[in-house]
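Single-letter residue listing:
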Amino acid sequence: MNKIEAIELLNQACMRLFGCTMTEATDKQAYKTLCTVVRNSMYDRRRNFKQAYHAQKRKQVFYMSMEFLVGTSLRNNLFNLGVEEVFTDALKELDIDIQSLYALDPDAGLGNGGLGRLASCYLDSLTGLGYPATGYSIRYEFGIFKQQIVDGWQMELPDNWLQMGDVWLVPKEDDAVEVRFGGEVREWYDNGKFKVAQYGYSSVMAVPYNLYISGYRAEAVNKLVLWSAKLPQSFDMAAFSRGDYVRALEQNTMAETISKVLYPADDHIQGKRLRLRQQYLLCSASLQTILRSHVKRYGSLRTLPDRVAIHINDTHPALCVPELMRLLMDEYDFEWDEAWDIACRTLSYTNHTVMSEALERWSIDLYKEQLPRIYAITEEINRRLMEKLRAFYGNDEGKLNWMAVIANNEVRMHNLCLAACHKINGVSTLHTEILKSTIFHDYYQYTPKRFLNVTNGIAYRRWLCQANPKLTGLLQELIGDRFLKDANALEDLLRFADDNTVLDRLAAIKRDNKLRLAQYIARANGINVDPDSMFDVQVKRLHEYKRQMLNVLQILYRYNQIKANPSASWQPKTYIFGAKASAGYIRAKQIISLIVAVSNFVNNDPDVRGKLKVVFIEDYRVSLAEIIIPAAEISEQISIAGKEASGTGNMKFMINGAITIGTLDGANVEIHDQVGDENMFLFGMKADEVEALWRKGYDPTSYLTPELRKVLDMLTSGVLGRKYDDIVASLTTTRFGVADAYMTLADFEDYVRAQRDADAAFGTPERFHRMSLVNIAKSGIFSADRSVTEYAKNIWEL
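The structure contained in this document is the topic of the report that follows.

Definitions and cut-offs
- Residues numbered from 1 in each chain as written.
- Predicted model: local features only at pLDDT ≥ 70, side-chain atom pairs only at ≥ 80, totals over all residues.
- Heavy atoms only, no water.
- Pairing = 2+ DSSP bridges.
- Helix = DSSP H or I, 4+ residues; strand = E, 2+ residues; numbered from the N terminus.
- Salt bridge = Lys/Arg side-chain N within 4 Å of Asp/Glu carboxyl O.
- Buried < 20%, exposed > 50% of the residue type's maximum accessible area, 1.4 Å probe, protein only.
- Contact = heavy atoms within 4.5 Å.
- Axes fitted to C-alpha atoms, helices over the stretch in contact; angles between N-to-C directions.
- 1 Å grid on protein atoms, 1.4 Å probe; cavity = no way out; pocket = protein on both sides within 12 Å on 5 of 7 lines; lining within 4 Å.
- Points joined across faces, edges and corners; volume = space filled by probe spheres on them.
- Nonpolar A, V, L, I, M, F, W, Y, C, P; charged D, E, K, R; others polar.
- Phe/Tyr/Trp six-rings, centres within 6.5 Å; stacked < 30°, edge-to-face > 60°.
- Lys NZ or Arg CZ within 6 Å of the ring centre and 35° of its normal.

Quick look at the sheet that holds strand β13 (residues 361–363) now. The three strands lie next to each other as β13-β15-β14, forming an open sheet whose pairing is antiparallel. Edge positions in the sheet fall to β13 and β14 (406–407), since each of these pairs with one other strand and no more. Inspection of the sheet shows β13 paired to strand β15 (residues 410–412) by three bridges, in the antiparallel sense. Note that in β15 the partner of S363 across the bridge is E410.

Turning to the pattern of salt bridges, a few remarks are in order. For the coordinates displayed, the defined rule picks out 50 salt bridges. Of the charged contacts, one joins D619 and K146 as a salt bridge, the two residues approaching to 3.4 Å between their closest N and O atoms. In this pair, D619 sits in the loop between β20 (612–616) and α25 (622–628) while K146 sits in strand β3 (residues 146–150), placing the two residues 473 residues apart along the sequence. Judged by its relative accessible area of 8%, D619 falls in the buried class. D726 is paired through a salt bridge with R735; the nearest N and O atoms lie 3.4 Å apart. Residues participating in the shared-partner salt-bridge network are D337, E380, R383, R384 and E387.

Here we come to the sheet that holds β20. The strands making up a sheet are joined through hydrogen bonds of the backbone, oriented either antiparallel or parallel. Here we have six strands laid out as an open sheet, ordered β20-β19-β18-β21-β22-β23, and parallel in their pairing. Edge positions in the sheet fall to β20 and β23 (681–682), since each of these pairs with one other strand and no more. Two elements, strand β18 (residues 534–539) and strand β19 (residues 573–578), share six bridges in a ladder whose sense is parallel. Among the inter-strand pairings, D536 is bridged to a residue of β19, identified as Y575. Its contacts with the sheet put helix α22 (residues 500–525) on β18, β19 and β20, and the angle it makes with β20 is roughly 65°.

Moving on, we get to the layout of surface pockets. Here the second largest pocket defines a volume of roughly 870 Å³. Considering the residues around the second largest pocket, the lining is formed by 29 residues, among which K50, D175, K223, T289 and S293 are closest to the centre. Those elements giving two or more residues to the lining of the second largest pocket turn out to be α2 (27–55), β1 (60–64), β2 (133–138), β9 (202–214), β10 (221–230) and α10 (269–298). Residues of the lining of the second largest pocket, tallied by class, amount to twelve nonpolar, eight polar and nine charged.

Evaluated as defined, the whole model comprises 23 aromatic pairs. Taking 6.1 Å as the distance between ring centres and 25° as the angle between the ring planes, the aromatic pair formed by F62 and Y136 counts as stacked. In this pair, F62 is assigned in strand β1 and Y136 in strand β2, connecting sequence segments 74 residues apart. Taking relative accessible area as the criterion, Y136 reaches 3% and is therefore assigned buried. Joined through ring pairs, the aromatic side chains of Y63, F68, Y122, Y791 and W796 make up one cluster. Across from the ring centre of Y209, 4.2 Å away, lies the NZ or CZ of R139, which sits over that ring. The ring of F145 carries the charged tip of K580 above its face, separated from the ring centre by 5.2 Å.

Take unusual backbone geometry next. What is expected of a backbone is that most residues other than glycine have negative phi and most peptide bonds are trans. A positive phi angle, close to 70°, is found at D314, a residue other than glycine. Position of D314 among the secondary structure elements: in the loop between β11 (308–313) and α12 (320–331). For D333, which is not glycine, the phi torsion reads 65° and is therefore positive. By secondary structure assignment, the location of D333 is in the loop between α12 and α13 (336–346). D333 gets classed as partly exposed once you look at its relative accessible area, which sits at 45%.

Shown next, in the form of structure tokens:
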């Protein structure tokens, strides 16, 4: 396509959509016109790709995830399709700046953090590599939430991303499926054959919306199917005729709540019930569609495992296990044993957490109330499982209770996956080893061949080529274009590790990116930061185990040190935070409040001006990460060792040349394997040392030096504008459970040492820039292309 053809396409589409030419269109009309042209091009490729893989009878993977953190779509699709330059020139000819249209493109509100971003990275890579793949999730009308900081406290506002983002979605109302909740189950035998029926239930129609997914320079186009909930009969005419107008719409409004918001607060029963309904809608609607399509194409579900792989991304879609059994038996008349064999060979599961408290559980009462037939099947899965485990382990009741799907008045979704799935994987080498040696150890001993590792990866072209075009241009000049298709080719950059001219150019690009971020911070926060200071960045979901708290304590420690010796030579540093806390997670919200308070306190003290700044950037999201990450010089990956499954932010920072300061946790271990001690700043206990300290008996107060006590006193004295007694109590007492559950105080002193090491390295520019180059060069292994190839070969058998 050339510029003239692009202009003609745009004008034709604009006239068809809005009755005007592009030069007459508003910015919103121009944006929607461009998106429509791109979407239609993707649809044509999708149709051709689908015909080709059906003709070849290729196996497909269906990736089930409650989150797909897609980010913005316009630039990503133009880049992948290889037409960004053509449309940029065409729009310029029409006197339209494509950057103004990019600014209108919303982040799709379909995820919260690493889990959803990983799912999106994998769908991108699967498409780029030409694998037939479909993602399934929910069309959250208001996404996670739009974060706003009001008086230092996180407020959650609706994120109306569909106002502009709906242009990318293609509704398929004729493909809607019924999903049933509640009611009762009746069982009987008919001529010796078991029969079952659900009655007294409430129905919801799940309507699919297709979001097309492009891959880098690929003819393939896959799709992400997003389910939206509606009532079969959305309007009560009788109630309306009686004048009861609210009731006429009430039932449909209740049904639609299922697809309103991602992760509704679940600190009350209504929230728990809504979350369970969301998960079942996702699983039931998706599996009904998959099975119906397979039968239509192949005639029999006996070939399902040969043609279909269904992947459960974390425990949220674990209901795929009993729902697939329900469909096979109740709708397609399979007996239990054959249905179970089909289900087990079709399903696989990725675990994303080693924290047992984060493994999802449902109360039996709620599970049974909402999903009576599913509960009956889950009971039978558990009964048969217990028979097998008792034969293997004997009468070890503690072990059997731990491995049970149903026990202690709860249904354990991780054990449901472990009972059924033919492959179970962790997401980093350390994480997988911890799964096998601790929380899943008994299952690993029972069937060791099912367990394997696939270390996470990132869609590096988005995080390097799109987010950091100047660095990409330099890489192309130095090592050619091969890295655009094969991330391992980045290692060719090592040839320039001692080339001062190249190191200086890398530094100049980093400063340009820092200047861009500084300008954003000035607009968004009203804070002026020095682009020549060191940018130390921690952006990720707010959770205590990720230890944003450790970073805050160190900043206050540094503040006190500067105040005590202001004439010393201090490395100027700007600490940058971005994080959302789950709506019901009060401690995480308190930590955000503390970060904001520390920012206000530090930034308004003239004694530390020019030496220390702290910034909390609100409403962290993918498009904002694309500005922050290329500007970072220090990447904070400081979780307690043994708790972070992998992380992917660490990989995005690495490929953009940031140096990791972190513990040997998650994929930090594999980053360390790549770059060595000399190219990152390690600190803290290792996972085995953490466990040994717990066994010995951890007393956080024994780590309270006079300097650290002074820092904690600042949190309770009111000097920060408010008091944070609860946070200090959680670190030093057992009032809120285990004192300092994530060993923040134990690792504090070594963390301060690592910060000093980072200061010293930054003060020697040649050394620091060489470290940056080495990190870029060694980041290729963390490409999502490598990850999905391992999934395709070792788990999905594509």
